[in-house]
Amino acid sequence: MVASAPDSGSARPADADGGIGDLAFHPVSRERRTWTSDLSVAEAAAVRRVGLVPAGFVMGTAVMQLAATGGQVFGQWGGLGGPSVGGGGGYSESYPCAHSYAIGGGIGFGGTAGGAAEHYGFNIEDAVLAASLTEGYRLAIGRLRDEATEVGAHGVVGVDLLFENLVGSTGTATFFARGTAVKHPGGAPLPSPFLTNASGQHFERLIALGYVPAGIAVGVGSVYVQPNCQSRGDFTVPGSNQQIPRAILVARARARDSLAAMAHRVGEGVVHTEWTDRRVNRYAESWDQLTVAVGTSVRRYSTEAPPLDPRPVLPLRP
Amino acid sequence: MSPALSSAPGIEAALAALRSPFVPGDQTTFISDLTVGELVLLEEIGYRPVDIVSGAGTASWNPQFTTSATEGNMWGRAIATAIDHARSGIVEELHRRRADGVVAMRFELERERANLLTCTMLGTAVQRISRGSGDEHPFATTLSARDFHLLVRGGYRPSGIVIGVSVVGFAARSAAQSLGLARDNAELSDQTTALYSAREQAMEMMEREAQGLGADGVVEVQLQERPVNALLTHAVEFIAVGTAVHRGPKGHQALAPEFQLTLDDQPDTTFDR
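Definitions and limits used
Residues numbered from 1 in each chain as written. Chains lettered and ligands numbered in written order. Predicted model: local features only at pLDDT ≥ 70, side-chain atom pairs only at ≥ 80, totals over all residues. Helix = DSSP H or I, 4+ residues; strand = E, 2+ residues; numbered from the N terminus. Buried ≥ 20, exposed ≤ 12 C-beta atoms within 10 Å, placed from the backbone. Contact = placed C-beta atoms within 7 Å. Nonpolar A, V, L, I, M, F, W, Y, C, P; charged D, E, K, R; others polar. Pairing = 2+ DSSP bridges. Axes fitted to C-alpha atoms, helices over the stretch in contact; angles between N-to-C directions. Parallel < 35°, antiparallel > 145°, perpendicular 65-115°, else oblique. Left-handed = near helix turned anticlockwise from the far one by under 90°. pLDDT = per-residue confidence, 0-100. Core = buried A, V, L, I, M, F, W, Y, C linked by C-beta atoms within 7 Å.

Observations regarding the overall build of chain A
Part 1 of the argument: Regarding its fold elements, chain A presents 4 helices and 11 strands.
Part 2 of the argument: For chain A, the residues scored as buried account for 51% of the 318 residues in total.
Part 3 of the argument: A separation of at least 24 residues holds for 73% of the contacts in chain A among residues at least 6 apart in sequence.

Thoughts on the overall build of chain B
Part 1 of the argument: Across its full length, chain B carries 6 helices and 8 strands.
Part 2 of the argument: For chain B, the α and β elements follow one another from N to C terminus as α-β-α-β-α-β-β-α-β-α-α-β-β-β.
Part 3 of the argument: Taken along its principal axes, the extent of the C-alpha atoms in chain B is 75 × 55 × 40 Å.
Part 4 of the argument: With 273 residues in all, chain B has 42% of them scored as buried.
Part 5 of the argument: Relative to all contacts within chain B whose residues are 6 or more apart in sequence, the contacts with residues 24 or more apart total 76%.

Re the environment of B:L116
Part 1 of the argument: Structurally, the position occupied by B:L116 is in strand β4 (residues 116-128).
Part 2 of the argument: Since 24 C-beta atoms lie within 10 Å of it, B:L116 is described here as buried.
Part 3 of the argument: The contacts of B:L116, once residues within four sequence positions are left out, are A:G233, B:T58 and B:S60.

Focus: the interface of chain B and chain A
Part 1 of the argument: On the side of chain A, 62 residues touch chain B, which itself brings 58 residues to the contact.
Part 2 of the argument: Looking at the side of chain B that touches chain A, the elements with two or more residues in it are α1 (11-19), β1 (30-31), α2 (36-44), β2 (47-60), α3 (73-96), β4 and β8 (258-260) of chain B.
Part 3 of the argument: Among the residues making up the side of chain B that touches chain A, the classes are represented as 32 nonpolar, 20 polar and 6 charged.
Part 4 of the argument: Pairing analysis gives 3 bridges linking strand β11 (residues 313-315) of chain A to β8(B), with the strands arranged parallel. Following the sheet pairing, A:V313 is matched in β8(B) by B:E258.

Describing helix α3 (residues 200-208) of chain A
Residue and element names in this part refer to chain A.
Part 1 of the argument: For α3, the buried fraction is high: 7 of the 9 residues fall into the buried class.
Part 2 of the argument: The complete set of buried residues in α3 reads G200, H202, F203, E204, L206, I207 and A208.
Part 3 of the argument: Just beyond α3, the residue with positive phi is G210, at close to 95°.

Let's talk about the packing of helix α1 (residues 41-50) of chain A against α3(A)
All names here are of chain A.
Part 1 of the argument: Contact pair α1 / α3: the axes reach a minimum separation of 7 Å and the direction vectors enclose 25°. As judged from the angle between their axes, α1 and α3 are roughly parallel. In terms of crossing hand, the pair formed by α1 and α3 is left-handed. Where α1 abuts α3, its residues A42, E43, A44, A46, V47, R49 and V50 lie against G200, Q201, F203, E204 and I207.
Part 2 of the argument: Counted by class, the contact of α1 with α3 contains 7 nonpolar, 2 polar and 3 charged residues.

Some details on the confidence of the model for chain A
Residues and elements named next belong to chain A.
Part 1 of the argument: Looking at chain A, the pLDDT average stands at 79 and 75% of residues meet or exceed 70.
Part 2 of the argument: For chain A, per-element mean pLDDT is lowest for β11, which scores 86, and highest for strand β6 (residues 194-195), which scores 95.
Part 3 of the argument: In this model residues 1-22 is a low-confidence stretch, pLDDT under 50, and it forms 50 contacts with partners more than four residues away in sequence or in other chains.
Part 4 of the argument: Below a pLDDT of 50 lies the segment residues 103-114, which in the model reaches 18 contacts outside its immediate sequence neighbourhood of four places, other chains included.

Quick notes on the nonpolar core
Part 1 of the argument: Ranked by internal contacts, the top residues of the largest apolar core, which has 143 residues, are A:V156, A:L206, A:V212, A:L259, B:I79 and B:V102.
Part 2 of the argument: Among residues more than four places away in sequence, those in contact with B:I79 are B:A59, B:L117, B:V165, B:E237 and B:I239.

Overview of the sheet that holds strand β4 (residues 155-164) of chain A
All names here are of chain A.
Part 1 of the argument: Read from one edge to the other, the open sheet built from 4 strands follows the order β1-β5-β4-β6, with strand pairing classed as mixed. With partners counted over all chains shown, the strands left at the sheet margins are β1 (53-65) and β6, one partner each.
Part 2 of the argument: Of the strand pairs in this sheet, β4 and β6 are connected by 2 bridges, and their pairing is parallel. Bridge pairing links G155 to F194 in β6.
Part 3 of the argument: The sheet contacts of α1 involve β1, β4 and β5 (172-183), and relative to β1 the element is tilted by about 115°.

Description of the packing of α2(B) against helix α4 (residues 145-153) of chain B
Residues and elements named next belong to chain B.
Part 1 of the argument: Viewed as axis vectors pointing N to C, α2 and α4 meet at an angle of 20°, and their least axial separation amounts to 9 Å. In terms of orientation, α2 and α4 fall into the roughly parallel class. Every pair of crossing elements has a handedness; the one defined by α2 and α4 is left-handed. Between α2 and α4, the contacting residues are E38, L41, L42 and E44 on the first element and A145, R146 and H149 on the second.
Part 2 of the argument: Across the contact of α2 with α4, the residue classes tally to 3 nonpolar, 1 polar and 3 charged.

What about the sheet that holds β4(B)?
Part 1 of the argument: Pairing within the open sheet is antiparallel, and its 4 strands lie in the order β8(A)-β2(B)-β4(B)-β3(B). Lying at the two open borders of the sheet, with one neighbouring strand each, are β8 (239-241) of chain A together with β3 (101-111) of chain B. The mean angle between the axes of side-by-side strands here comes to 25°, regardless of whether they run parallel or antiparallel.
Part 2 of the argument: Direction of pairing for β8(A) relative to β2(B): antiparallel, over a ladder of 3 bridges. In the sheet register, A:G239 faces β2(B), and the bridge partner there is B:S60.
Part 3 of the argument: Sheet strands in contact with α2(B) are β2, β3 and β4 of chain B, and its direction is about 110° off that of β2(B).
Part 4 of the argument: Packing against the sheet, α3(B) makes contact with β8 of chain A together with β2, β3 and β4 of chain B, and its axis sits at approximately 150° to β2(B).

Points about the confidence of the model for chain B
Residue and element names in this part refer to chain B.
Part 1 of the argument: Summary statistics for chain B give a mean pLDDT of 85 and a share of 91% for residues scoring 70 or more.
Part 2 of the argument: Under a pLDDT of 50 for its full length, residues 1-6 has, in the predicted model, 4 contacts with residues more than four places off or in other chains.
Part 3 of the argument: Predicted complex, confidence summary: ipTM 0.85, pTM 0.84.

Some remarks on the pairing of β3(B)
All names here are of chain B.
Part 1 of the argument: Inspection of the sheet shows β3 paired to β4 by 9 bridges, in the antiparallel sense. Each residue of the ladder has a partner; that of G101, found in β4, is V126.
Part 2 of the argument: Hairpin connection, β3 to β4: the antiparallel pair is bridged by 4 residues, and A114 has positive phi, about 50°.

Notes on unusual backbone geometry
Residues and elements named next belong to chain B.
Part 1 of the argument: Phi at R98 is positive, roughly 50°, even though this residue is not glycine.
Part 2 of the argument: With a phi close to 55°, A104 is a non-glycine residue in the positive phi region.
Part 3 of the argument: Along the chain, A104 falls in strand β3.
Part 4 of the argument: When the 25 C-beta atoms within 10 Å are taken as the criterion, A104 is described as buried.

This is the structure we're talking about:
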């Protein structure tokens, strides 16, 4: 997903007047009587110091049915608890029962061939869920950018991305992207407005230090965890645990990789990355280990900024 | 506003740069969770960001029946193992990315259910811009980019993350006390003592680790102390995590901060109550 490419996002027909794609509910082209913003006073002042003025509060939203297996019955996402199928051969690992019940044809419980497991666990990367979330963000960001273009903005600062299970029931998620569109009075329009999740003040620093934001980069990673006995906290098999940290590290690595792939296409580096590790409960004791990384891809437009040599100061009153 | 802030060409040049299409070449795209201010602070002391690195560790222990003067050895070791795995995971990633160190670390200890604990770390790997020998041992820190900048300007270098963990048991209170029937004020000296010895042992471990790294001292120690009172388990957990530092070749550099009298009023708290 590339948030800054002008053709991504909603499929808006060229002659649409106020709809998002073929959805006509969205009053994008209402007459705006004054500018609105979700900037604080200090942020608004910072944006003005750079030479931009607020053009309006803009938002993009999308409610998604998330891909999931089976009937939409259990768990927060829906699905019967297993990972979404068809992810196409990602990471997976099994964590057999940590008790040694299987030894010697199963002492203790069971006693069947191979032995009974107390709790058999596994990790499976859920690329389908990650793709669902990425698509939700892509739609929301695209619609935010469309609104910004509509008000003649050159960019959007302070973009917040979030998702919630707000609307609908299990198996759905609502994606939001919102921020304040800004424009440079008298400046020719850009091919596509820039987007950044940096605040007004951080945006001011970016510009002053010779960097320009190119777009928002998003990365999502997801690993479905069915905990084995040890990962459930069974105190009869204590010790170092591999399953939980592996799930976290793989989810983070996937998020990092997709963030990097997207950022590489539009800029030289990523700053302001916000990392969110989340555990989303699924059926019974299983969960999705989810990582979402959102950052601003930047380009250096000038190397003229001299060394700053910041002065240490000690305020006499905090 | 400091005068340096107005030194770059400004918004017109910035927007002009966005008009020309960006051609992704063979450049390595750096990934960081730094703010641009932190990015510049790093550049000022000769470092640039490389990538995000992360580490994680989980460990569990037996719920031990502890009473006066028992030590939860296995319990304490499990906590230390979880943190150590996260720490060595970070250092391994630094080696893999040929980075010199990591800054802006996010360090989290998460209690899983029951007797499981997960430690995660995530930070920005940095590289020296002018690389010397290059095969120095990469450093891990829990410092922010700002504190790392200050540390280096002060003439110090981080040696690594050091930890100290200890779990010490104490006696259960009497039946009357635990039922809330006791009517006198009294110090629970056994519990106070347990906390003291847990502190002692944890700090001793941390000092041992710092000594092993050849450090001169430890900064930014974060402490977490947690009493555990279950049916047959009465203990106190003590966890300390910090960054060991050593003096650089030039020794201590005085920063000589300028005193500043801010003209701002205190923030208005009328609506905060």
